[in-house]
Structure formats: structure tokens, C-alpha cells
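Observations on the three-dimensional arrangement
Spelled out from the first residue to the last, the chains are:
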Amino acid sequence: MTDFKIAHQCPQCGAPAELTETTRLFQCGFCRVKSFLLEKGFFRYVLPDAAPPETPLIYVPYWRFKGMAFHCVENDIGHRVVDVSLLAVSEPGLPESLGLRSQALKLRFLTPETGGRFLRPTRPMKEAMDQFEQRYAPASRHPVHQSFIGECLSLIYAPVYVDGCVMDAVLNQPVCPGGADAEGIPPDIAERAGDPPGRNLRFVPALCPGCGWDLSGEEDTLALACFNCDSVWHAGSRRLDRLPFGHIPDSQPNRDYLPFWRIRADVSGLILDSRADLVRVANLPVVARPEWEEAPFHFWVPAFKVSPQAFLRIAQGLTVAQPAEKPAPSLPKGTLHPVTLPVTEAVESLKMLLAAFIRPKKKLSTRLAHMDIRPKSALLVYAPFERGHHELLSEQYRLAINRNMLKLTGNI
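Heads up: these notes are all about the structure in this document. (Residues numbered from 1 in each chain as written. Predicted model: local features only at pLDDT ≥ 70, side-chain atom pairs only at ≥ 80, totals over all residues. Heavy atoms only, no water.)

1. Notes on the nonpolar core
Of all hydrophobic cores here, the largest spans 64 residues; its most connected members are Phe260, Leu272, Phe299, Leu354, Phe357 and Leu380. Setting aside residues no more than four positions away along its own chain, phenylalanine 260 makes contact with Trp300, Val301, Pro302, Ala303, Phe304, Ile314, Leu318, Leu379, Leu380, Val381, Ala383 and Phe385. Listed in part, the 29 residues of the second largest apolar core include Ala15, Ala17, Leu19 and Leu98. (Core = buried A, V, L, I, M, F, W, Y, C linked by side-chain atoms within 4.5 Å. Buried < 20%, exposed > 50% of the residue type's maximum accessible area, 1.4 Å probe, protein only. Contact = heavy atoms within 4.5 Å.)

2. Here's the deal with the packing of helix α4 (residues 308-321) against helix α6 (residues 350-357)
Contact geometry of α4 with α6 gives a least axis separation of 10 Å together with a crossing angle of 70°. Taken together, the axes of α4 and α6 are roughly perpendicular relative to one another. Between α4, through Leu312, Ala315, Gln316, Thr319 and Val320, and α6, the contact on the second element is made entirely by Met352, Leu353, Ala356 and Phe357. Its residues assigned to classes, the contact of α4 with α6 shows seven nonpolar, two polar and no charged. (Axes fitted to C-alpha atoms, helices over the stretch in contact; angles between N-to-C directions. Helix = DSSP H or I, 4+ residues; strand = E, 2+ residues; numbered from the N terminus. Parallel < 35°, antiparallel > 145°, perpendicular 65-115°, else oblique. Nonpolar A, V, L, I, M, F, W, Y, C, P; charged D, E, K, R; others polar.)

3. Section: α4
Spacing of three or four residues puts side chains on the same side of an α-helix, whose turn is 3.6 residues. For α4, built from 14 residues, the straight-helix expectation of 20 Å at 1.5 Å per residue is met to within 8% by its first-to-last C-alpha distance of 20 Å. Among the residues of α4, Pro308, Ala310, Phe311, Leu312, Ile314, Ala315, Leu318 and Thr319 are the ones counted as buried. At the C-terminal side of α4, glutamine 322 shows a positive phi close to 50°. (Expected span 1.5 Å × (residues − 1).)

4. Focus: the pattern of salt bridges
Scanning all chains against the criterion turns up 15 salt bridges. One salt bridge in this structure joins lysine 106 and glutamate 18, with 2.7 Å as the shortest N-O distance. Remark: glutamate 18 occurs in strand β2 (residues 16-20) and lysine 106 occurs in the loop between α1 (101-104) and β8 (107-109); sequence separation between them is 88 residues. A relative accessible area of 41% means that lysine 106 is categorised as partly exposed. (Salt bridge = Lys/Arg side-chain N within 4 Å of Asp/Glu carboxyl O.)

5. Brief notes about α6
Most of α6 is tucked away, with eight of its eight residues classed as buried. The complete set of buried residues in α6 reads Leu350, Lys351, Met352, Leu353, Leu354, Ala355, Ala356 and Phe357.

6. Focus: the sheet that holds strand β16 (residues 240-242)
If you trace the three strands from one edge of the open sheet to the other, you get β14-β15-β16, paired in antiparallel fashion. A single partner strand is all that each edge strand has here, and the edge strands are β14 (223-226) and β16. With strand direction ignored, the average angle separating the axes of adjacent strands in the sheet is 35°. The pairing of strand β15 (residues 231-235) with β16 spans three bridges and is antiparallel. Paired with alanine 235 across the strands is leucine 240, a residue of β16. (Pairing = 2+ DSSP bridges.)

7. Describing unusual backbone geometry
A positive phi angle, near 65°, is found at arginine 32, a position not held by glycine. Structurally, arginine 32 can be placed in the loop between β3 (25-27) and β4 (34-39). Notably, aspartate 230 is not glycine yet its phi reads approximately 55°, a positive angle. Considering the arrangement of structural elements, one finds aspartate 230 in the loop between β14 and β15.

8. A word on the sheet that holds β3
Sheet strands line up and pair through hydrogen bonds in the backbone, either parallel or antiparallel. Ordered by their spatial adjacency, three strands build an open sheet running β3-β4-β13, and the pairing between neighbours is antiparallel. The two strands at the open ends of the sheet, each matched to only one other strand, are β3 and β13 (201-205). Taking the axes of each pair of neighbouring strands and ignoring which way they run, one obtains an average angle of 35° across the sheet. Direction of pairing for β3 relative to β4: antiparallel, over a ladder of three bridges. The residue of β4 that forms the bridge with glutamine 27 is lysine 34.

9. Remarks on the side chain of serine 85
Structurally, serine 85 can be placed in strand β7 (residues 76-87). A polar side-chain atom of serine 85 sits 3.1 Å from a polar atom in the side chain of serine 97. A polar atom in the side chain of serine 85 sits 2.8 Å from the backbone nitrogen of leucine 98. For serine 85, the residues in contact, after removing those within four places along its chain, are Trp63, Arg64, Glu96, Ser97, Leu98, Gly99, Phe132 and Arg135. (Polar contact = N/O pair within 3.5 Å; in protein donor to acceptor, adjacent residues only side chain to side chain.)

10. Observations concerning the pairing of strand β1 (residues 5-9)
One ladder, built from five bridges, connects β1 with β2; its direction is antiparallel. Bridged to histidine 8 within β2 is alanine 17. Connecting the antiparallel pair β1 and β2 is a turn made up of six residues, with glycine 14 showing a positive phi of about 85°. Relative to β8, β1 runs parallel, the two being bridged by two bridges. Pairing of alanine 7 across the sheet is with arginine 108, part of β8.

Structural data, given as C-alpha cells:
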């Protein structure tokens with residue numbers, strides 16, 4: 001899957017810069033100032049145009065979704081990676097999809113200074129997601145439950161203009177194959193377009209709000225670490241907010257630490273409050289110890305993006321293992337893997353995670369669709385892994401994660 005390119009300027013010195021769709025921490029190559037991107041709701045982009053100079057442009061909105069699609073069908077869980085776009089307005093004759101343009105062309109962030117007129121989206125985000133679910137549902141069997149996880153939802157505006165008919169401003173040819181006489185898009189489309197949407201993108205200094213120290217992280221991280229005051233910060237609506245976190249202590253130095261969301265939740269219609277309940281619900285081949293009746297059960301979900309199959313395997317492995325160590329409320333001394341999956345997406349995966357480890361599966365298939373999972377608390381926990389030649393290994397949790405997979409699936 002391709003991560004599309006975005007042309008922009010450094011907010012500090014104005015130097016040209018090229019970002020990717022997953023860039024959150026940006027460091028200018030000229031002034032070296034680091035900034036963190038905050039968006040309100042979702043990112044908005046515009047496609048470049050090749051229209052004649054001074055041509056009044058009209059921008060048509062498209063929803064774009066990229067992430068992992070899961071579906072639970074009877075005794076099976078299916079999954080796939082999807083990257084799809086859908087027209088966000090009800091205008092006859094306009095293409096329903098952008099095709100490969102979002103991957104092939106260099107986009108720009110939409111700002112109030114962007115020239116042209118803009119059609120306001122009339123197809124709500126939820127309706128678009130419902131259509132995506134219908135499109136990727138299995139054709140042969142009706143799914144008991146579907147989830148889209150790790151999603152990157154954005155709004156991309158495609159430029160058109162009117163010259164006898166509605167013209168595609170990227171290719172400078174009629175949008176409708178029949179040209180000016182083609183039925184479809186009314187030429188008065190410009191009358192329904194308005195001013196650019198308001199600003200929803202902000203660059204804030206990557207400085208710790210607590211002590212003013214430089215924050216650390218990879219460019220695609222959603223959580224920034226301050227090693228001066230031992231704190232972690234993530235994007236709020238208008239600022240960086242403190243994020244509760246901890247790490248599982250390890251006696252060995254120089255470990256690699258992978259981030260996980262440790263989630264405590266209420267599950268309707270299912271007793272799953274303790275580690276002993278997990279043994280009974282998952283039909284594990286162990287005898288529940290008396291102290292397990294008092295040990296609280298937590299879901300453990302990767303806070304990083306991997307392939308759908310690996311995502312379920314890792315989440316199931318750590319959830320069944322139920323790490324008992326109390327997380328230390330400090331940053332570990334080792335290599336931190338970036339947080340690339342927000343807690344909201346981790347919560348979306350909980351039903352599918354239940355379907356993965358509950359035995360027998362027939363016990364769950366009729367109840368999953370009506371089951372309600374309400375998260376009560378979430379903690380970001382860094383878990384230690386030993387670096388092997390090709391994998392990150394945890395003998396204690398019986399997990400092995402391919403290092404190249406972590407690099408190659410960062411764009412999901």
C-alpha cells in the first residue's frame with residue numbers, strides 16, 4: 001500500500017517540505033525546528049491541477065479510507081487491507097472514486113488560503129463507512145460482525161472547472177466521456193460551490209508542555225516522549241495533552257519496547273472480569289489459580305500498525321498471557337517503537353479480539369452482533385522484547401514479531 005506525498009511549507013521558516021500521509025512529527029531540513037501536526041476531526045487535502053492559468057476551479061470532495069477490514073463469519077475471521085475512496089456529494093455524473101490519484105499525485109493540505117470554490121460534502125462520514133462495509137463484506141456469507149481498524153479517514157478534494165462542460169482539471173478533459181453533449185453533470189455546478197472550509201490543521205511546537213524540553217519520537221508517532229520529566233504526550237483538539245503510560249520492567253538492558261493499549265472494559269452478556277474468567281471463557285488448557293479470581297482482566301491491543309493477521313495474533317497472544325507485572329510509571333531505558341494506532345481504534349478491535357480467543361466459537365457467533373463492550377480505562381504500556389536477527393522476541397509471552405514487518409506495515 002502506498003503512502004501518498006504531501007507538498008507543504010515549514011510553518012517556522014517557509015522552506016518547502018514533503019510530508020507523507022502518516023507524518024505527525026515534522027522537522028524542517030533547513031531551520032531544524034520540530035513541529036507536531038494537530039487536526040480537527042480528519043485531514044483534508046487537495047489534488048494538484050493542470051488547468052489553464054486564471055481558470056476558476058471547483059473542488060469536489062471524496063472520502064478516503066485506508067486501514068484493516070475484519071469480518072467474523074460463523075467460525076471464521078476474515079481480514080484484508082483496504083484503500084478506497086468514495087464521492088462525498090450527490091452530484092450525478094461525477095466519478096464515484098478517485099482511483100489511484102491519491103497515491104500517484106502529490107497532494108497539498110487544504111487551507112483557508114487555497115483558491116477556488118468548494119462543494120460541501122453532503123454524504124455523511126457514517127454513510128460512507130456503511131458503504132465501505134457493504135463493499136468489503138464477504139459475498140457468500142452474512143458476517144456476524146465487521147470492524148475497520150487502524151483506519152486513516154481523510155477528505156480529498158479533486159479539481160474541476162466549467163468550459164462548455166465540466167472538465168477534469170487534472171487531465172484537462174471532460175469528466176463525462178461524451179464531452180459537452182454528455183448527459184450527467186449540470187454545468188451550473190459552480191453555483192452550488194462555496195468558500196474554502198475553515199482551518200482545521202495546526203502545527204504546534206514539539207516542546208514538552210510540562211517542562212519545555214524537546215519531545216522525542218518517530219515522524220509517524222501519535223505519542224511524544226519527554227525524557228527530561230518522564231512524560232508522554234498526544235494530540236488533543238487544540239494542544240498536546242498528557243497521556244497515562246507505564247512500562248513493564250525488565251532486568252536486561254537495551255531492550256526494544258513495543259507499545260500496547262491495556263484496556264479494562266465491561267462486556268455485556270459475558271462474565272469477563274478476572275483472569276480466571278478468561279481461562280473459562282477461552283477454554284484455556286490450564287487450571288485457574290485461586291489468586292486469579294482477584295486479578296483483573298485486561299484486553300491488550302497493539303498500539304502500532306501491523307498486517308491484519310499479525311495484529312490479531314499479537315493481540316490474542318498478549319491478552320491470553322495477561323502480563324501480571326505492575327507497569328512502572330516511567331519511560332524505559334531502551335528503544336521505543338512509535339505509537340501509530342490510537343486508543344479509539346484499539347477499542348474498535350475488542351469485539352474481533354473476543355471472537356479470536358473465545359472457545360468454542362459457536363458459543364459466541366450468535367451473541368457477538370448484540371454484544372456491547374464499554375471501555376472503562378486505558379493505559380499505554382511499553383512491553384520489552386529481545387532483538388533477534390530478524391524478529392523481536394518475548395519468551396515470557398511466547399511472541400515473535402518480524403522486524404521487517406513492522407517497517408513495511410507502517411503505512412496501513
